[in-house]
Amino acid sequence: MSGLALIWTTSVVLAALALIWMSGLIVARVLREREEARRRHDQRLVQQVFLDIMSGEGDAVGRLQGVKHRARLMAESLLEVIALVRGAERERLISALAAFGVDDIFCRRLSRGSVAGRIASAEALSIFPGERTRAALRRAVGRAREGELRVSLMRSLIEIDAPPALREVLADISGRKASDSLLYLPLVARLVADDPMTALRAFGDPQVTGEARVILAEALGASGDYRVLRPLCIAAGAPDTELRIAAIRALGALGHPAAEPTILAGLQDRIWIVRSASCEAAGRIGLQAAMPWLEKQLGDPVWWVRFRAGEALAALGAAGQDRLRDVAASGGELSRRTASMVLAERELADAA
């Protein structure tokens, strides 16, 4: 075979493979869209049955017999409906579904099938409190490996007043990727709000890993408990950069002016993300003493630090906004551009 014939043959084969590949993608998309349409149709039918149950139709539950085994469909439909109703209608629906054995179906679904279906079942079980539900959720936590599923299981345990221990959750965070550990933040925040002192003891425990302490710091700041102020200020000087950032952000959320020395130190940190977080915290707390440092940061080499410094000055009221106008009129090039941009975004450029 000549070289030209080989090139042509190769081109034809590649074109054929590309056509087959594209055809496969199109077919897969069509099938997926059909499946989604069928699921939406079935979901509407199930939700209508739920509405009929709440309205008191005696034979409505029997119409679920054909979809009873489809735990994910039942769970997702139930979660949508139950979020919209309260009072006697809600109780009537829950009682009817419990008598029909729907909660048993959700319990069995926790250990098999797709992760999405197991998550939906875990969330739906929070509607059926009881010892059987608690036991099923706890067993599932012991087996589950996926972070999102574990968070859903633990959240349902909290909803039915059987929360996991904070130490258990912190141990679960350890070793997970940052993107996975962030899933635990709302969960940890709930536990910290319920028992801040246990959280503080865990925060000071050297056995708690860095990833868990970062999540814990954010939750402590959101707790609104001023007893966490000093531990967060200490953590803001830690060698671990991620912990410093989390602690400073938490101090900003806490909003206590006693954090001023820590925030001023953070404005001078060698890590730009720490400086940026400190600028934001200074604005949230309303630290007037930070204005000279924030003005200096308008010329920071990192754009994000400059922007946060400008936003913080704007948040400090008339005095900070006057500083921005002065810099916009006579500062250095970087500072002028940043100050002008912030003033324009806040529609303050023409203010007297």
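Because the structure is a prediction, the values reported are computed rather than measured.

A.B. asks: Just give me the short version of the overall build of the protein, but keep the residues and values in it.
C.D. replies: Looking only at helices and strands, the protein features 20 helices and 0 strands. For 352 residues, the compact-globule formula gives about 20 Å, and the C-alpha radius of gyration of the protein, at 28 Å, lies well above that figure. Along the longest, intermediate and shortest principal axes, the C-alpha atoms of the protein span 80 × 75 × 45 Å. In the protein, which comprises 352 residues, the proportion classed as buried is 45%. Looking at the protein alone, contacts between residues at least 24 apart form 64% of all its contacts between residues at least 6 apart. Per element, the accessible surface of the protein, about 18,200 Å² overall, is 56% carbon and sulfur. For the protein, the centre of its 47 positive side-chain charges and the centre of its 42 negative side-chain charges are spaced 5 Å apart.

A.B. asks: So what's going on with the packing of helix H7 (residues 147–159) against helix H10 (residues 185–194)? Residues and values would help.
C.D. replies: Packing of H7 against H10 leaves a shortest axis separation of 10 Å and a crossing angle of 25 degrees. Comparing the axis directions of H7 and H10 gives the class roughly parallel. In this structure, H7 crosses over H10, and the sense of that crossing is left-handed. On the side of H7, the interface is formed by Val151, Met154, Arg155, Ile158 and Glu159, while H10 contributes Leu187, Arg190 and Leu191. Taken together, the residues of the contact of H7 with H10 break down into 5 nonpolar, no polar and 3 charged.

A.B. asks: So what's going on with the environment of Leu73? Which residues, and what values?
C.D. replies: Within the element layout of this structure, Leu73 appears in helix H2 (residues 71–82). Of the residues examined, Leu73 reaches a relative accessible area of 1% and is grouped as buried. The residues touching Leu73, leaving out its near neighbours within four places in the chain, are Arg39, Asp42, Gln43, Val46 and Val67.

A.B. asks: A description of helix H6 (residues 131–143) should follow, citing residues and the corresponding values.
C.D. replies: Under the 1.5 Å per step criterion, the end-to-end length of H6 is 19 Å for 13 residues, consistent within 8% with the ideal 18 Å. When we look at burial in H6, the residues that qualify are Thr133, Ala136, Leu137, Ala140 and Val141. Each buried residue of H6 lies within a common arc of 140 degrees when the element is viewed along its axis, so the set occupies one face. Of the exposed residues in H6, those oriented more than 90 degrees away from the buried face are Arg132 and Gly142. Residues of H6 that are buried sit in contact with helix H4 (102–109), helix H5 (115–125), H7 and helix H8 (166–173).

A.B. asks: Can you break down the side chain of Arg325 residue by residue, with the values?
C.D. replies: If you trace the backbone, Arg325 turns up in helix H19 (residues 317–330). A distance of 2.8 Å separates the side chain of Arg325 from the side chain of Asp322, its partner in a polar contact.

So, how was this worked out
Residues numbered from 1 in each chain as written. Predicted model: local features only at pLDDT ≥ 70, side-chain atom pairs only at ≥ 80, totals over all residues. Heavy atoms only, no water. Helix = DSSP H or I, 4+ residues; strand = E, 2+ residues; numbered from the N terminus. Rg over C-alpha atoms; globule rule 2.2 N^0.38 Å. Buried < 20%, exposed > 50% of the residue type's maximum accessible area, 1.4 Å probe, protein only. Contact = heavy atoms within 4.5 Å. Areas by Shrake-Rupley, 256 points an atom, 1.4 Å probe, with all protein chains shown as cover. Lys, Arg positive; Asp, Glu negative; His and termini not counted. Charge placed at Lys NZ, Arg CZ, Asp CG, Glu CD. Axes fitted to C-alpha atoms, helices over the stretch in contact; angles between N-to-C directions. Parallel < 35°, antiparallel > 145°, perpendicular 65-115°, else oblique. Left-handed = near helix turned anticlockwise from the far one by under 90°. Nonpolar A, V, L, I, M, F, W, Y, C, P; charged D, E, K, R; others polar. Expected span 1.5 Å × (residues − 1). Arc of directions from axis to C-beta. Polar contact = N/O pair within 3.5 Å; in protein donor to acceptor, adjacent residues only side chain to side chain.

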